[in-house]
Every structure is written in C-alpha cells, then in structure tokens.
Amino acid sequence: RGVQAHRLCPPRGAGSSLEPEERSMEPPAVPEEEEEEEEAVPLSVAPGPVGCQLFGYVGIEAVLDQMKIKTMKTGFEFNIMVVGQSGLGKSTMVNTLFKSKVSRKSSQPGQEERIPKTVQLQSITHVIEEKGVKMKLTVTDTPGFGDQINNENCWDPIIKYINEQYERYLREEILITRKRKIPDTRVHSCVYFVPPTGHWLRPLDLEFMRRLSKIVNVVPVIAKADTLTLEERAEFKQRIQEDLKTHAISVYPQEDFDQDPEDRALNDRIREKIPFAVVGADQEHQVNGKRVLGRKTKWGIIEVENPAHCEFPLLRDLLIRSHLQDLKDITHNVHYESYRVRRLNESNRPG
C-alpha cells in the first residue's frame, strides 16, 4: 500500500527528471477491493491532540510499577494536626484512624503519658508499615486549645508552629548544597473538632478556621456525634455549613483547587457531607460473630466503621485512602508556596 501511495503522489521537484511516458494521467490499474480500501483509509493523518496510536506494546505502564517500588523502599511522610478542646476524643480519633496507639508515647509499658492541658503543642512521630509500604506519621496535638477562661489569641501558638515548619523547609530548600530528600515536617492536614452543642458555631470556632484555612488544609468534624440524635446532627451540620459560607471560610477540599470535572464531582459530594459527624473508639467488641471497633452503651454498640452509625469512614477515606496525596500537593503547591513568596519578598525588600 505504501508503494502505491508513492506512485500516486510523487515527491515535489522530481517531475523534471521523469520521461514523458512515465507522467501518464491515467492511474495504474488497481483491483476494486483495493480501491475501496484506499478510499476508506487516508494516505496521511495529521497528528491530533490525543496523541499517536501505538502499534504494539511499549511498556509505558511499567512506570507505575517503578514508582510503587520506589515509594515502598523510601516510604513517605504524612503530618496531621488535631485541634479542639479537651475531652472531645482527639487522641482516640487518631488511634481509630490508624488502628494503633499513635497519639501518645508511654514512658512505661502499658501506661500512657498524661499531656498537660495547656496550649503547648506536642508532636509524636511513628513509622507505620502496611503491606510493605512505610509511612512516617507525625501527630501534633493541641491538648488545651479553648480550655482557658480568656481564649484571646489562643490560635497564635498553632499558627506559629505551622509557619515554623514552612520556615524549616524553606531554609533547607534554599541551601546551595541541599539534601537530596528534604525532611518534610509541614502540616498536611488540620482536623478541627467542633463540640457537639447542636447550635451554631462559636466565635472561637469561626475565628480559628478563618485564620487557619489560609495557611493549612482544615477539615472540620463534629466530635462525639453519638451524643446527638440523627435529626439534631443533620440540623447542626446544616447550620455549620451556613456559617462557613456566610463568613467565607474555605475548608478542605477547596473549590478553587479542583483540577478537572471528575475531581469537582467527587469533591462536591464530600463538601455536602462536611463537617463529618464522627465517633472514635479504639476497643473491639463482638457483634454478630465479628470483631468491630465501637463504643459500648447500654442500648447497644456504636460501630465507628458502619456508615449507618457515624461518618468516620468518610473522614478516613478523605485523609488516607482518596485524598492523602492531594493534601500533600496542596500543602506544597499552595500554602507553602504562598509562605515562600512572602518570605522571599520580605528578604528582598530594601532596608
């Protein structure tokens, strides 16, 4: 077929070297089947935006396996911060998320360290491994947030800590000879625990989320949702959504950062459920012959991983199974980038 194409369309500039007998106007005799095939398939196809079609297996998909093997060898970091008043179950929720005791360090076996109820941040780092994948998890707790009589500027230590991690990463990044892999201590997600009052958000909650949503990914949750009825929970969630919209507070996932229609459709479904009504438990109970995580009451057992009982599975999927890498990307490309630009502008300012 290629030979026939060259006979039909000689190259430009080559006509002067041909004899008159070879420049006949009549095309060579071609069978009817081949003529129909030539008409159906064009001689030349301009490359489109989709890309060229491969005629055999190249092995491009093996890049995914290479990335997986490299990640399994080196591991990755994930830093989460939990903020809320004492007694809202922050430590229990983190233990439930990762199904291990990651929110406390014990000085003696079987005992947990008692953290003082002051706005003094406590960071604990663990290495968690599951199916060959290693994750360096750092949990930052704020045990005394909002517990004082005067809570004015109680968010300052938290903002200072987050900016210090950005500053530490920036100093490593601008070195002439920097490390091949910069240690990442930046906070990727801040889970804010709203007390289950059943009313409106407190001024403290609004002011905290308004300030922190500009520098970190804030995910609000309704703590101890089992203290509310289903009707109270739905009304409280609707009021919180109205408060966030009225005060222009953009919590994660932010609408401005949706990449494509599929991401927007998925994140729209998540935004309808925020804040998640969660229940934390780190003890297993026997239910219908199965061991489940839950809270035992005299009315029954509240299964934390049952979507009919609470929305903990939605929070777990958001933080770990579906949006963990997106949390890290937005932290690096948006929040850290804003801090880096501001710091470099300050250093270049004369005087």
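Scoring rules and cut-offs
- Residues numbered from 1 in each chain as written.
- Predicted model: local features only at pLDDT ≥ 70, side-chain atom pairs only at ≥ 80, totals over all residues.
- Heavy atoms only, no water.
- UniProt positions renumbered as here; feature names shortened; annotations may be inferred.
- Helix = DSSP H or I, 4+ residues; strand = E, 2+ residues; numbered from the N terminus.
- Contact = heavy atoms within 4.5 Å.
- Areas by Shrake-Rupley, 256 points an atom, 1.4 Å probe, with all protein chains shown as cover.
- Core = buried A, V, L, I, M, F, W, Y, C linked by side-chain atoms within 4.5 Å.
- Buried < 20%, exposed > 50% of the residue type's maximum accessible area, 1.4 Å probe, protein only.
- Phe/Tyr/Trp six-rings, centres within 6.5 Å; stacked < 30°, edge-to-face > 60°.
- Lys NZ or Arg CZ within 6 Å of the ring centre and 35° of its normal.
- Pairing = 2+ DSSP bridges.
- Axes fitted to C-alpha atoms, helices over the stretch in contact; angles between N-to-C directions.
- Polar contact = N/O pair within 3.5 Å; in protein donor to acceptor, adjacent residues only side chain to side chain.
- Patch = residues over 30% accessible without salt bridge, like charges linked within 9 Å, V, L, I, M, F, W, Y side chains within 5 Å.
- Salt bridge = Lys/Arg side-chain N within 4 Å of Asp/Glu carboxyl O.
- 1 Å grid on protein atoms, 1.4 Å probe; cavity = no way out; pocket = protein on both sides within 12 Å on 5 of 7 lines; lining within 4 Å.
- Points joined across faces, edges and corners; volume = space filled by probe spheres on them.
- Nonpolar A, V, L, I, M, F, W, Y, C, P; charged D, E, K, R; others polar.

The protein has the name SEP12 protein in an unreviewed UniProt entry, where Dryoscopus gambensis is given as its organism. Quoted verbatim from the Subcellular location (unreviewed entry) field of the UniProt record, the comment on the protein reads "Cytoplasm, Cytoskeleton". UniProt, in the comment section headed Sequence similarities (unreviewed entry), describes the protein in these words: "Belongs to the TRAFAC class TrmE-Era-EngA-EngB-Septin-like GTPase superfamily. Septin GTPase family."

Trainee: Describe in detail the overall build of the protein, supporting the description with residues and values.
Mentor: The number of helices and strands found in the protein is 10 helices and 9 strands. Restricting to contacts in the protein with at least 6 residues of sequence separation, those with at least 24 account for 68%. Carbon together with sulfur atoms contributes 51% to the accessible area of the protein, which is approximately 22800 Å² in total.

Trainee: Please set out the nonpolar core residue by residue, giving values where relevant.
Mentor: The biggest cluster of nonpolar side chains holds 74 residues, and the ones touching the most others in it are Met81, Leu137, Ile158, Ile162, Phe208, Met209 and Leu212. Discounting residues that sit within four places of it in the chain, leucine 137 has contacts with Phe78, Ile80, Phe98, Val102, Ile124, Thr125, His126 and Ile128.

Trainee: How would you explain the packing of aromatic side chains if you had to name every residue and give the values?
Mentor: With the rule as written, the count across this model stands at 6 aromatic pairs. Ring geometry for tyrosine 166 against tyrosine 336: centres 6.1 Å apart, planes inclined by 55°, an arrangement best described as tilted. One end of the pair, tyrosine 166, is in helix α5 (residues 156-173); the other, tyrosine 336, is in helix α10 (residues 324-348), and 170 residues separate them in sequence. The burial state of tyrosine 166 is the same as that of tyrosine 336; both residues are buried. By the ring-pair criterion, three or more aromatic residues cluster together here, those being Tyr166, Tyr169, Tyr336 and Tyr339. The ring of tyrosine 169 has arginine 186 lying over it, and the distance from NZ or CZ to the ring centre is 3.7 Å. The residue whose ring lies beneath arginine 186 is tyrosine 336, and the NZ or CZ to ring-centre distance is 4.9 Å.

Trainee: Please provide a residue-by-residue account of the sheet that holds strand β4 (residues 189-194), values included.
Mentor: As summarised here, the arrangement of the 6 strands in space is β2-β3-β1-β4-β5-β6, forming an open sheet in which the pairing is mixed. A strand with exactly one partner marks an edge of an open sheet, and here the two such strands are β2 (122-130) and β6 (276-277). In this structure, strand β1 (residues 76-83) lies alongside strand β3 (residues 133-142), joined through 8 bridges in parallel fashion. Bridging across to β3, valine 83 finds its partner in threonine 142. Contacts from α10 reach β1, β3 and β4, with the element oriented near 85° to β1.

Trainee: Help me get a handle on the side chain of serine 213, residues and values and all.
Mentor: Relative to the helices and strands, serine 213 is located in the loop between α6 (203-212) and β5 (218-222). A relative accessible area of 12% means that serine 213 is categorised as buried. One polar contact links the side chain of serine 213 to the main-chain carbonyl oxygen of methionine 209, over a distance of 2.8 Å. At a separation of 3.4 Å, a polar atom in the side chain of serine 213 contacts the main-chain carbonyl oxygen of arginine 210. Residues within four places of serine 213 in sequence aside, it is in contact with Val218, Ile249, Ser250 and His335.

Trainee: Account for a nonpolar patch on the surface, naming residues and giving values.
Mentor: Side chains of Leu54, Val58, Ile60, Val63, Leu64 and Met67 sit close together on the surface and give an oily, nonpolar patch of about 610 Å² of accessible area. Here methionine 67 shows up in helix α3 (residues 62-74).

Trainee: Which residues make up empty space enclosed by the protein, and what values go with them?
Mentor: Within this structure, the stated rule accounts for 1 cavity of 30 Å³ or more. Lining the largest cavity are Asn79, Ile80, Met81, Thr138, Thr140, Tyr161, Thr185 and Val187. With 3 residues, β1 is the largest single contributor of residues to the lining of the largest cavity. When the residues that make up the lining of the largest cavity are grouped by side-chain class, the tally is 4 nonpolar, 4 polar and no charged.

Trainee: An account of the environment of glycine 198 is requested, with residue identities and associated values reported.
Mentor: Structurally, glycine 198 can be placed in the loop between β4 and α6. The class of glycine 198 is buried, set by a relative accessible area of 16%. For glycine 198 and alanine 234, which are 36 residues apart along the polypeptide, the C-alpha to C-alpha distance reads 9.3 Å.

Trainee: Could you give an account of unusual backbone geometry, naming the residues involved and the relevant values?
Mentor: Here tyrosine 252 and proline 253 are connected by a cis peptide whose omega angle stands at 0°. The step from isoleucine 274 to proline 275 runs through a cis peptide bond, and the omega angle for that step is 0°. Structurally, the position occupied by proline 275 is in the loop between α8 (261-273) and β6. Despite not being glycine, lysine 131 shows a phi value in the positive range, around 55°. For lysine 131, a relative accessible area of 80% translates into the label exposed. Even without a glycine there, the phi angle at asparagine 153 is positive, about 60°. Within the secondary structure layout, asparagine 153 lies in the loop between β3 and α5.

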